[in-house]
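The lines below spell out each chain.
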Amino acid sequence: MYLKQKNRRVLKQAALHLAENDFVITNVQVFNVFTKEICPAAVYVKNGFTTYVDYDQQTTPPGLKTIDGQANYLLPGLIDAHTHIESTMLTPQRYAELVAPFGTTTVICDPHEIANAFGIQGLEYMLAATENVPLRVLFDIPSCVPSVEHLEVSGAVFHKEQIQKILTFKRVVGLAEVMDYQGVINDSTRMAENITAVENQGLYIQGHCPLVSQQDLAAYRIGGPISDHESSTIAEIKEKLRAGMYIDLKEANTTRNLVKFIKEIKDWPCLSRFTFCTDDRRANVIQKQGHINGIVNKAMRAGLSPQAAVSFATINAAQEAQIADLGAIAPGYLADFVLTADLTDIQPLMIWLEGKITYQKQHLVEFKQPKTLPLEKIDSIQIPSLQKSDFDLTVPPAAQQLSKIKMNYIAYQSYTSAFTDLKTAEFAVHEGRVLLPEQEDFMFVAVINRYGQKHLAKALLQKFGINKGAIASTVSHDSHNLTVVYRNSSDALLAAQQVKQQKGGLVAVKDGQILAQIALPVAGLMTNQPVAAVNEQIQQLTQAGQALGTGVLANPISRMTIVSLLVSPYFKLSDLGLVDTLQHHLLPLFPDYPN
């Protein structure tokens, strides 16, 4: 069971005999997600469930515990339809400490990042770390570990046997974003078996299909996934809605399409298939902008009605994930509530989770400090001993005497886009090493396997956004190998060595000096440090990025995480080499020397 079990007999008796309830919240304006009404009412709660919503406001039974809502608005608890806790850089307990005060009572988490690092052991850790936190953490099973088989090497591989085992874990509600969309469309054995295993348990299949269209989209939808959070245009959204999909509108670290999309869809006649999600959102962004409440507020400022915005963040998300009894204030639904003074600017005054107050007077109630779990002590950064020469981009032996060589390289479509193209040009060669061109928007990039394999691939990047020094990171979707973007091999080596020493994280280096660092020793992805300390380190890394020439980037961290993202169009670098992410094959770095 992934939700609190209900005793229907007890709840029916409480509905019929109101004095048998645990408490009643009176004098509130209740938002009804079914009728979209906002009405004065009293809400009765028993054993963590709503039993009766009294819109007639009868006299409450004498002696029953009563909470006066002081004419404020009572909303269902907010739901994040899709998130990666690891992307906040916080351990789950620290994450809950940050997120819960914003009114989020349920998150549907894809532990894809730690699954790539630790496999099933990583999922067991996430379950243990979210046992006694002030919000409900539900899990979708990572569908693609690694994201694209045979094109990268991560710390684990999930096939149907692993999926079937994870299906026995508690709080599992579906299969997480099926990002190997080519595998679904072309009926790969891995994708077909993983989807079938989850569907056979009656659980939903979450999607991920950027730019998939027409007959390919039809095949993908028939293959099982029912949602998408990667649309980049309103036409793409409309096409996916017409195909019967849910659209999880996201406001993540780098994706900033929410306002544009809301202005287009706000007057559409049917909005029941939209939800909100954070996907990948760092701790500092959440602290500054809020969580789901911040997205709801931003959508309302862009013109979406409060009724639609709150529904996106509650009942729509619950219905997408096929979770009954969640996302509404109505009889038989879980008593997850948010009390707010302003419906157009949701800032919680009180929060209830399963009928228990978790937040009031601007503080979490009975929050327990995180305990260190065994996995948090494991050093997962198993990279080989590196030399400066390992970061030199050398030409093939047959081309050692050349002064120029033709190379394929990765070019971002813009300084803010995650999409990349493959381009070919001639580059100068000196003593067998490729030299960077004079223009400063070229950088070297290396991806080093961190799971004990001796894989190290290098290439050239254009329009990454820095032009000096080096940045190294083990937060590198989706296999989270060590990625280094650098101007010279000396800085690259120092950055990589520091990441290894601190057991993962990010490091910025310039002219042989470490400018900033964030140690993420838990799976190379997270830290158990207090939120304020992590946010300060993120700020320091952002400032260091400015020293590396990131005048066009808000933050170099987000850029680092997608260099090797093999489910993002169109060309990326993995620990195995240059990858065509649509055709799913490796490409030669030097086209005249394919072997």
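First, a word on scope: everything that follows refers to the structure included in this document. Everything quoted here is computed from the prediction, not taken from an experiment.

What counts and how
- Within any chain, residue numbers begin from 1 and follow the written order of that chain's sequence.
- With pLDDT at 70 or above as the cut-off, local features in this predicted model cover only qualifying residues; side-chain atom pairs require 80 or more to be listed or tallied, and sums for whole chains, interfaces and linings still use all residues.
- Values reported for side chains reflect all heavy atoms of the structure, with hydrogen atoms and water molecules removed beforehand.
- In these notes, a set of buried Ala, Val, Leu, Ile, Met, Phe, Trp, Tyr and Cys residues joined through side-chain atoms within 4.5 Å is what counts as a nonpolar core.
- For each residue, the accessible area found with a 1.4 Å probe, counting protein chains only, is set against the maximum for its type, and the residue is called buried under 20%, exposed over 50%, and partly exposed in between.
- By definition in these notes, contact holds between two residues if any of their heavy atoms fall within 4.5 Å.
- Between any two strands, at least two bridges found by DSSP are needed for them to pair.
- Each helix is a run of H or I in the DSSP string that is no shorter than four residues. Each strand is a run of E no shorter than two, and both are numbered from the N terminus.
- Fitted lines through C-alpha atoms give the axes, limited to the stretch in contact for helices. The angle between two N-to-C directions lies from 0 to 180 degrees.
- Buried and open spaces are told apart on a 1 Å grid over the protein atoms alone, a cavity being a set of points where a 1.4 Å probe fits but cannot get out and a pocket being an open set with protein on both sides within 12 Å along at least five of seven lines. Residues with an atom within 4 Å of a point are the lining residues.
- Grid points are joined across faces, edges and corners, and a volume is the space filled by probe spheres set on the points.
- In this classification, the charged set is Asp, Glu, Lys and Arg, the nonpolar set is Ala, Val, Leu, Ile, Met, Phe, Trp, Tyr, Cys and Pro, and all remaining amino acids, among them Gly, are polar.
- The pairing test for Phe, Tyr and Trp rings, Trp by its six-membered ring, is centres within 6.5 Å, and the orientation test on the planes gives stacked under 30 degrees, edge-to-face over 60, and tilted for anything in between.
- Note on geometry: a ring has a charge over it if NZ (lysine) or CZ (arginine) is within 6 Å of the ring centre and within 35 degrees of the ring normal.
- We define a salt bridge as a side-chain nitrogen of Lys or Arg found within 4 Å of a carboxyl oxygen belonging to Asp or Glu.

1. So, the nonpolar core
Among the nonpolar cores identified, the biggest contains 132 residues, and Y125, F158, F391, M407, V434, L460 and V485 are the most heavily contacted of them. Leave out the neighbours within four places in its chain, and Y125 touches T91, P92, I114, L373, L375, E376, V522 and M526. Of all hydrophobic cores here, the second largest spans 33 residues; its members include I265, A308, A313 and A330.

2. A look at the sheet that holds strand β18 (residues 420–430)
Taking strand neighbours across the sheet as the criterion, the nine strands line up as β19-β18-β17-β21-β20-β23-β22-β24-β25 in an open arrangement whose pairing is mixed. A single partner strand is all that each edge strand has here, and the edge strands are β19 (433–434) and β25 (513–519). Here β18 pairs with β19 via two bridges, running antiparallel. Following the sheet pairing, V429 is matched in β19 by V434. In the packing of helix α15 (residues 489–501) onto the sheet, the strands contacted are β22 (470–473), β23 (482–486), β24 (505–510) and β25, and the crossing angle to β24 comes to about 150°.

3. Describing the pairing of strand β15 (residues 356–360)
Side-chain positions along a regular strand alternate between the two faces of the sheet. Relative to β15, strand β14 (residues 348–353) runs antiparallel, the two being bridged by four bridges. Note on β15: the bridge partner recorded for L353 is K356. The hairpin formed by β14 and β15 contains two residues between the paired strands, and E354 there has a positive phi angle of roughly 50°. Note that β15 and strand β16 (residues 363–364) share two bridges and pair antiparallel.

4. A word on the layout of surface pockets
The space that makes up the second largest pocket amounts to roughly 790 Å³. Considering the residues around the second largest pocket, the lining is formed by 29 residues, among which E131, N132, V133, L353 and K356 are closest to the centre. Sorting the residues of the lining of the second largest pocket by element identifies β7 (136–141) and β15 as the ones contributing at least two each. With three residues, the single largest contributor to the lining of the second largest pocket is β15. Among the residues forming the lining of the second largest pocket, the class breakdown is 13 nonpolar, six polar and ten charged.

5. As for the packing of aromatic side chains
Scanning the entire structure with this criterion turns up 13 aromatic pairs. When the ring centre of Y412 is taken as reference, the NZ or CZ atom of R559 above it lies at 3.8 Å.

6. Focus: the pattern of salt bridges
Under the definition given, this model contains 17 salt bridges. With its nearest N and O atoms 2.6 Å apart, the salt bridge here joins K170 to E131. Here K170, found in the loop between α5 (160–166) and β8 (172–178), pairs with E131, found in the loop between α4 (120–129) and β7; they are 39 residues apart in sequence, far enough to count as distant. Taking relative accessible area as the criterion, K170 reaches 44% and is therefore assigned partly exposed. Three or more residues are tied together by salt bridges with common partners; here these are E131, K170 and R171.

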